[in-house]
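Given next are the chains, with one letter for each unit.
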Amino acid sequence: MGKSRTKRFKRPQFSPTGDCQAEAAAEANGTGGDEDDGHAAELLEKLQHPSAEVRECACAGLARLVQQRPAWPGLARRDAVRRLGPLLLDPSLAVRETAAGALRNLSACGGFEVCDDMVTKDIMTPLVALLKECSAGLDSNEMSPQEKKDQNRNSIENIANEAMNVLWNICECSSRAVSIFNKEGCLEIVLKYLSRFSTNVDLAISVAYCLQTVTEDNPELLKSFSAPALHVLESAMLSPVTSMDYILLKTLVAGTIWNLKDIIPSKSQAEIINAILKILSEVLDLDAGEIVIRMQEAEKQRLEAAAETEDILGRANHDALMEDDEMEEIPHKRKVRRKTFISDLLPPTDKELRESIALLTAQQTALEIIVNMCCSEDPSDDEWEELSSSDESDAFMENSFSECGGQLLSPLCLSHEVHTAFTNYLIPKKIFEKTAFPNSTAVDLCSRSPTWKSLVRKMNTIQCRALVCLQSLVSLLDVDHLGGPAALQTLAQHLSQLLFSQPDFAKHVDFLEAISSALRALLQTMASNNISQCMTPDQLMTLCTASIHSSNTGVRVNVVSILGITGSVLAKEDGTLETLKTIGCFLLEVATKDPSLVVAGEALDALFDVFADGKEAERASVQIKLLSALKEFQPVFKMKIRKEGRGKYSPDQLCVLDNVKMNLRRFVAYQETVEKRLTA
């Protein structure tokens, strides 16, 4: 049903303390319900306690509880958001931080519905007030960086970081929150936080995530970006620091600047696109598998050294105690309870793990930015100035944003010049490399470590994102920019090898959807340019037979489209009768039996392509009785569209289905003439 359009990527929801694993554990163990309800009531009651320490502990308990889905109804009934909100402005800085941490976890784990409800419960009022207070506090805070580090538990920057994560999560899920962000002038506040990237990169990363979210499709906010505001982004994006967290920061800021493309002065467009692509290219250059292996080894050595030091200190303390046995007994001292902070809820020092996660996240983000760049609108090519290679991006320092002045210009597009820039930075080649399976040694090491195990999924996600990126580039770039016909054939062989090297590929739905999308785009490009296909009929039918029963509609759409593309090529060749009959029967069964009208429509479209022309196709259509089957199905298809269409499918899908219905009528008429001619 026409070319598929690559979806724009948005950030999936996550828990800052570990993907809401507590929720899964609670459901698996059958816990929750009344027990969670009672615990929630107790904790919410303590939020009003006169002791700041008790309020802080209650917030910390809620930060854990909100990660359990069974607890949400009880928290909602007791108006947890309205009761936590005022604590964002509590006199105690420790309470502010733990309250923000609880709201951060709730917004991360709860998803769209919970975040939208948080906006309804007016969480944005105290949240914006807190962000403004933190901003003012940073202006008046004259402590040195070392002094701030010594007091980092309750520092203003830590509170701001928690609050920024709440803001980011809510704006990701609620357009009303984004509107409030615009109206309350939050941009100036968060840019002030971002400007501190050299002393607090964690806060800067949280801001960059939020900015990437709120700047997407938000023309009202774009008008608020002044030249100084753009210079803050420029400074962060061009930071010379190369640690993993700064790599993530620069990647996120590059994505934000791409979102601001509509306000970029025309004379600066070339420098900016080159600066963005240079960062994305450098991120993708890094071998994440090897770095993960090195980081794990570094962690192992650090822990071994720490254990050895602790053992030495332990023996020294034991010797000292033995020497003190005869000394006078020390008077009893009252024990002082150490305060519980939000950092106590997070794992102990895990620098290597955090750096590995930052790198993998940066690579995933870079691939998503490239996909979103490929999904931009298509203004005329002459709106772009000529782009050069990497040299211009190094000169993008002084005055690239100085003429902005808020003027809205025509949007950037992937013109011929941008295609060239993609090639200059070897973007297609680097994406191709990322489509390979993750480093097996890194996967094995991570799989055997409970704390590193989640990285396996991140590495697999990067492969899937690279495959989606590949689909976009193959659909967008011309054959020369992709390396020519030989390169496309090599790519087809690579994708086939990836697919069939996994005997159970049909079970990996995300991978299957991504690779089938890439194959579909590649085979379409090869067919359009008369480049011979590389998949054998047996491979093709193995893919389709294994995938057609997938629960993922996108997978089923892709495989029937692949059959249509390949079949239309085979229809023009001699000696393909039996293969065409097999393809025809398969597509006919999908069209008449698949529960999704979208898949059925795609299968019909594929039938039209395969049997539209060619002597072998005409003979095959008669032998499989295609005409009688389609005549019988035609009224059924019309009825399904009439009965199911309005409630289950979007207006765009219905429009396409109406076109398929009209084409079905024409195709039936065409097949009648074919059958008459061949049977005369």
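Residues numbered from 1 in each chain as written. Predicted model: local features only at pLDDT ≥ 70, side-chain atom pairs only at ≥ 80, totals over all residues. Heavy atoms only, no water.

(A) Local environment of the overall build of the chain. Each helix and strand in the chain was counted, giving 32 helices and zero strands. Per-residue burial for the chain yields a buried fraction of 51% across its 680 residues. Across the chain, contacts joining residues at least 24 apart in sequence account for 81% of those joining residues at least 6 apart. Accessible area of the chain: about 32,000 Å², with a carbon and sulfur share of 51%. (Helix = DSSP H or I, 4+ residues; strand = E, 2+ residues; numbered from the N terminus. Buried < 20%, exposed > 50% of the residue type's maximum accessible area, 1.4 Å probe, protein only. Contact = heavy atoms within 4.5 Å. Areas by Shrake-Rupley, 256 points an atom, 1.4 Å probe, with all protein chains shown as cover.)

(B) Region of the structure containing the packing of aromatic side chains. Tallying each qualifying case throughout the model produces six aromatic pairs. Look at F608 and F667: their rings are 5.0 Å apart centre to centre, the planes differ by 40°, and that puts the pair in the tilted class. Residue F608 is located in helix α29 (residues 597-610), and its partner F667 is located in helix α32 (residues 651-679); the two are separated by 59 residues in the primary sequence. We note that F608, like F667, is buried. Note on F667: relative accessible area 6%, which makes it buried. Ring-pair connections join several aromatic residues into one group, and the members of that group are F608, F667 and Y670. (Phe/Tyr/Trp six-rings, centres within 6.5 Å; stacked < 30°, edge-to-face > 60°.)

(C) Looking closely at the pattern of salt bridges. Considering all chains together, one arrives at 27 salt bridges under this definition. R96 serves as the salt-bridge partner of E133, at 3.0 Å between the closest nitrogen and oxygen. Separated by 37 residues along the polypeptide, E133 in helix α7 (residues 124-140) and R96 in helix α6 (residues 93-120) bring together distant segments of the chain. With its nearest N and O atoms 3.5 Å apart, the salt bridge here joins E184 to K132. Residue E184 is found in the loop between α10 (175-183) and α11 (186-194), and its partner K132 is found in helix α7; the two are separated by 52 residues along the sequence. It is possible to trace a salt-bridge network through shared partners that takes in D79, R82, D117 and K121. (Salt bridge = Lys/Arg side-chain N within 4 Å of Asp/Glu carboxyl O.)

(D) Spatial organisation of helix α18 (residues 351-374). Here α18 is 24 residues long and its end C-alpha atoms lie 35 Å apart, about the 34 Å a rise of 1.5 Å per residue gives. The buried fraction of α18 is high, at 21 of 24 residues. (Expected span 1.5 Å × (residues − 1).)

(E) Here's a closer look at the environment of M118. Relative to the assigned elements, M118 resides in helix α6. Sequence separation between M118 and R82 is 36 residues, and the spatial gap between their C-alpha atoms is 8.4 Å. Other than its neighbours up to four places away in sequence, M118 contacts V81, L103, L106, S107, I123 and I170.

(F) Molecular detail of the confidence of the model for the chain. Mean pLDDT over the chain works out to 83, with 81% of the residues at or above the 70 mark. Long-range and interchain partners of residues 326-348, a stretch whose pLDDT sits below 50, account for 28 contacts in this model, where long-range means more than four residues apart. Confidence drops under a pLDDT of 50 for residues 377-413, and excluding neighbours within four residues, the segment shows 97 contacts in the predicted structure. (pLDDT = per-residue confidence, 0-100.)

(G) Just helix α25 (residues 509-528), in detail. Compared with an ideal rise of 1.5 Å per residue, which puts 20 residues at 28 Å, α25 spans 28 Å between its outermost C-alpha atoms and is within 8% of the ideal. Most of α25 is tucked away: 14 of the 20 residues are buried. A positive phi of about 55° marks N530, the residue just after α25.

(H) Broad picture of the side chain of E355. Secondary-structure assignment places E355 in helix α18. Assessed through its relative accessible area of 19%, E355 is described here as buried.

(I) Highlighting the packing of helix α16 (residues 269-285) against helix α21 (residues 427-434). Orientation of α16 relative to α21, taken along the N-to-C sense of each, is 30°, at an axis distance of 10 Å. Comparing the axis directions of α16 and α21 gives the class roughly parallel. Considering only the axes of α16 and α21, their crossing is left-handed. Residues L277, S281, L284 and D285 of α16 pack against I427, K430, I431 and K434 of α21. Split by residue class, the contact of α16 with α21 holds four nonpolar, one polar and three charged. (Axes fitted to C-alpha atoms, helices over the stretch in contact; angles between N-to-C directions. Parallel < 35°, antiparallel > 145°, perpendicular 65-115°, else oblique. Left-handed = near helix turned anticlockwise from the far one by under 90°. Nonpolar A, V, L, I, M, F, W, Y, C, P; charged D, E, K, R; others polar.)

(J) Fine view of the packing of helix α15 (residues 244-259) against α18. Across the interface, α15 lies against α18 with an axial gap of 8 Å and an inter-helix angle of 20°. Relative to α18, the element α15 is oriented roughly parallel. Of the two possible hands of crossing, α15 and α18 adopt the one that is left-handed. When α15 is examined against α18, the residues M244, D245, I247, L248, T251, L252, G255 and W258 are found in contact with a partner set consisting of E355, A358, L359, T361, A362, T365, A366, I369, N372 and M373. Split by residue class, the contact of α15 with α18 holds 11 nonpolar, five polar and two charged.

(K) Main features of the environment of P595. Looking at the secondary structure, you find P595 in the loop between α28 (577-593) and α29. Residue classification places P595 among the exposed residues on the basis of a relative accessible area of 61%. Taking the C-alpha atoms as reference, P595 lies 9.8 Å from T553; in sequence the two are 42 residues apart. Excluding residues that lie within four positions of it along the chain, P595 makes contacts with R556, E644, K648 and Y649.

(L) Local environment of unusual backbone geometry. Phi is positive for D122, which is not a glycine, with a value near 65°. Here D122 is to be found in the loop between α6 and α7. Under the relative-accessibility criterion, D122 is labelled partly exposed at 39%. Phi is positive for D217, close to 50°, though the residue is something other than glycine. Of note, D217 is situated in the loop between α12 (201-214) and α13 (219-222). By relative accessible area, which is 67% here, D217 ends up exposed.

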